[in-house]
Amino acid sequence: MIAVRCPAKINLSLRILGRRSDGYHELDTVFQAVDLWDRLEVRPADDLSLVCEDAGVPTGPENLVLRAASLLREARGRQGDGARFRLDKSIPVQSGLGGGSSDAAGALLACRALWQLDVGLRALAELGARIGADVPFFLTGGTARGRGRGDVIEPMGYPGERRIVLGFPPFGIPTAEVFRLASEKLTPPDIDASLRRLSARKWPKAKHFEAANDLEAVAFERWPELEKFRDALRESGAVAAMLSGSGSTVFGLFEATGLTRASEDRLRLEFPTWSVHTTCTIDKGAHLIG
Ligand code: C5P
């Protein structure tokens, strides 16, 4: 049996540079892996199958784990190989934390090990990008800039562990819908637009942290509770607070002391249907365990 851990991510910054002819959007984003993990186990089998006890996760061929395994098998001409997956979810679905993409990255690593394939990370990233724009990031994790569709990854220096508070509303948001809403408001593409200065070395130094998410405005308009939660995180002392990716998670970045017990109690009281989870940044991506 082979097991992999698949982390969640947040986007410290997400700028939309324009629409692309393939229906995607040109992005300049900063990904940060966080200490919240799905676990994927795989055993040899005659064909591909997946078990997941989370009712919100489809277990058919559309699941990104099975798509990843199937794509790798096809690319390596190993049609005879199979895999039986078991997925334990901790990352909420449709939450903007990249759980499905991370699971797909984990599946690529797990199948490479299970089938003893001689294939490098770069080739896995190319396959991953065909499954989802965020998949390549999860093969390396840590702190990284993503360009193109978010799939062209350039690792940035890891600035050290920082405390993150994740707020999960009682609903998920389909990524495509938020991009569609944002797209309606896009001014003609400005390909030269550059990322707001966000130095991986500087961002933890709090006061000068500049972060922005171009998907926030439309998401806040459509789901006003998200903005209220963002404001509450700021009032609780977050150095930065914003929507992660296309949502629905809203995160706050805190100094070492984090959220005080009193602030956390106040958040839970004010947003009784939300769940609040304190975690931290990590310098890892999806990886094999034990
Ligand atoms: O690549 P992934 O399947 O995760 O993307 C989900 C959806 O999000 C896409 O179908 C597209 O509508 C939108 N998207 C986009 N531009 C990106 C990434 C995602 O428009 N760079």
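Numbers given for residues are sequential positions, taken from 1 along each chain in its written order. The model is predicted, so local features are restricted to residues of pLDDT at least 70 and side-chain atom pairs to those at 80 or more, both for listing and for counting; the totals for chains, interfaces and linings are taken over all residues. The side-chain quantities take in all heavy atoms of the structure and omit both hydrogens and water.

(A) Structural context of the overall build of the protein chain. Only DSSP runs of H or I covering at least 4 residues are called helices, and only runs of E covering at least 2 are called strands; the numbering of each starts at the N terminus. Regarding its fold elements, the protein chain presents eight helices and eleven strands. We take the radius of gyration over the C-alpha atoms and set the globule estimate at 2.2 Å times the residue count to the 0.38 power. For a compact globule of 290 residues, the expected C-alpha radius of gyration is about 19 Å, and the protein chain comes in at 19 Å, within 12% of that figure. Dimensions along the principal axes, computed over C-alpha positions, put the protein chain at roughly 55 × 45 × 35 Å. Residue pairs at least 24 apart in sequence account for 76% of intrachain contacts in the protein chain once pairs closer than 6 positions are excluded. All accessibility values rest on the Shrake-Rupley procedure with a 1.4 Å probe; residue burial counts only the protein chains present in the view. Accessible surface for the protein chain amounts to roughly 13300 Å². Of this, 47% is attributable to carbon and sulfur atoms. Mean positive and mean negative side-chain charge positions of the protein chain (38 and 38 charges, respectively) differ by 4 Å. Note on contacts: a residue pair is in contact if any heavy atoms of the two residues lie within 4.5 Å. Only four residue types enter the tally: Lys and Arg on the positive side, Asp and Glu on the negative side, with His and both chain ends excluded. Where a charge lies is defined by one atom per residue type, namely NZ (Lys), CZ (Arg), CG (Asp) and CD (Glu).

(B) Focus on the site of the ligand. Nearness of a residue to a molecule or strand requires only that one of the residue's heavy atoms be within 4 Å of it. Taken together, Gly23, Tyr24, His25, Leu27, Gly132, Ala133, Arg149, Thr175, Ala176 and Phe179 make up the full set of residues adjacent to the ligand. We define a polar contact as two N or O atoms separated by no more than 3.5 Å, with the added condition that, inside protein, one atom must be a possible hydrogen donor and the other a possible acceptor, whereas residues neighbouring each other in sequence contribute only through side-chain atom pairs. Within the backbone of Ala133, an N or O atom sits 2.8 Å from an oxygen atom of the ligand. Taking Arg149, its main chain carries an N or O atom lying 2.9 Å from a nitrogen atom of the ligand. Computed on the free molecule, the ligand has an accessible area of 450 Å², of which 74% lies beneath the protein chains in the complex. For the shell around the ligand, the secondary-structure elements that each account for two or more residues are β2 (25-45) and α5 (175-184). Considering every element that reaches the shell around the ligand, the biggest residue donor is α5, with three residues. Amino acid classes used here: Ala, Val, Leu, Ile, Met, Phe, Trp, Tyr, Cys and Pro are nonpolar; Asp, Glu, Lys and Arg are charged; the rest, including Gly, are polar. When the residues that make up the shell around the ligand are grouped by side-chain class, the tally is five nonpolar, four polar and one charged.

(C) Examining the pattern of salt bridges more closely. Only one rule defines a salt bridge in this text: a Lys or Arg side-chain nitrogen within 4 Å of an Asp or Glu carboxyl oxygen. Counted by the stated rule, this structure contains 21 salt bridges. Glu41 is the partner of Arg43 in a salt bridge, and the nearest nitrogen-oxygen pair spans 3.4 Å. Arg43 sits in the partly exposed class, given a relative accessible area of 32%. For Asp151, the salt bridge identified is with Arg149, shortest N-O distance 3.1 Å. In terms of burial, Asp151 and Arg149 fall into one category: buried. Through salt bridges with shared partners, a single ionic network connects Glu216, Glu227, Arg230 and Asp231. To sort residues, take the accessible area from a 1.4 Å probe on protein chains only and compare it with the maximum for the residue type: under 20% means buried, over 50% means exposed, and anything in between is partly exposed.

(D) Examining the environment of Gly82 more closely. Along the polypeptide, Gly82 turns up in strand β4 (residues 82-88). C-alpha separation for the pair Gly82 and Leu114, spaced 32 residues apart in sequence, amounts to 9.4 Å. Non-local contacts of Gly82, meaning those with residues more than four positions away in its chain, are made with Pro44, Ala45, Asp46, Asp47, Leu48, Arg73, Leu114 and Trp115.

(E) Representation of the pairing of strand β8 (residues 240-243). At least two DSSP bridges between two strands are needed for those strands to be called paired. Relative to strand β9 (residues 250-254), β8 runs antiparallel, the two sharing four bridges. When the bridges of β9 are listed, Met242 appears paired with Phe251.

(F) Local environment of the sheet that holds strand β7 (residues 163-168). Taken together, four strands build an open sheet; the order of strands is β8-β9-β7-β10 and the sheet is antiparallel. In this open sheet, the two edge strands, each paired with only one partner strand, are β8 and β10 (275-280). Strand-to-strand, the axes of this sheet are offset by a mean angle of 20 degrees, without reference to chain direction. Against the sheet, helix α7 (residues 224-235) touches β7, β8, β9 and β10, its axis set at about 10 degrees to β9. Lines fitted to the C-alpha atoms define the axes, with helices restricted to the stretch that makes contact. Angles between their N-to-C directions range from 0 to 180 degrees.

(G) Summary view of the packing of helix α1 (residues 64-75) against helix α2 (residues 99-114). Running from amino to carboxyl end, α1 crosses α2 at an angle of 35 degrees, the nearest separation of the two axes being 8 Å. Read as a crossing pair, α1 and α2 show a hand that is right-handed. In this structure, α1 uses Leu64, Val65, Ala68, Ala69 and Leu72 to contact α2, whose residues at the interface are Gly100, Ser101, Asp103, Ala104, Ala107, Leu108, Cys111 and Arg112. Considered class by class, the residues forming the contact of α1 with α2 number nine nonpolar, two polar and two charged. With the far helix as reference, a near helix turned anticlockwise by less than a right angle produces a left-handed crossing, and one turned clockwise produces a right-handed crossing.

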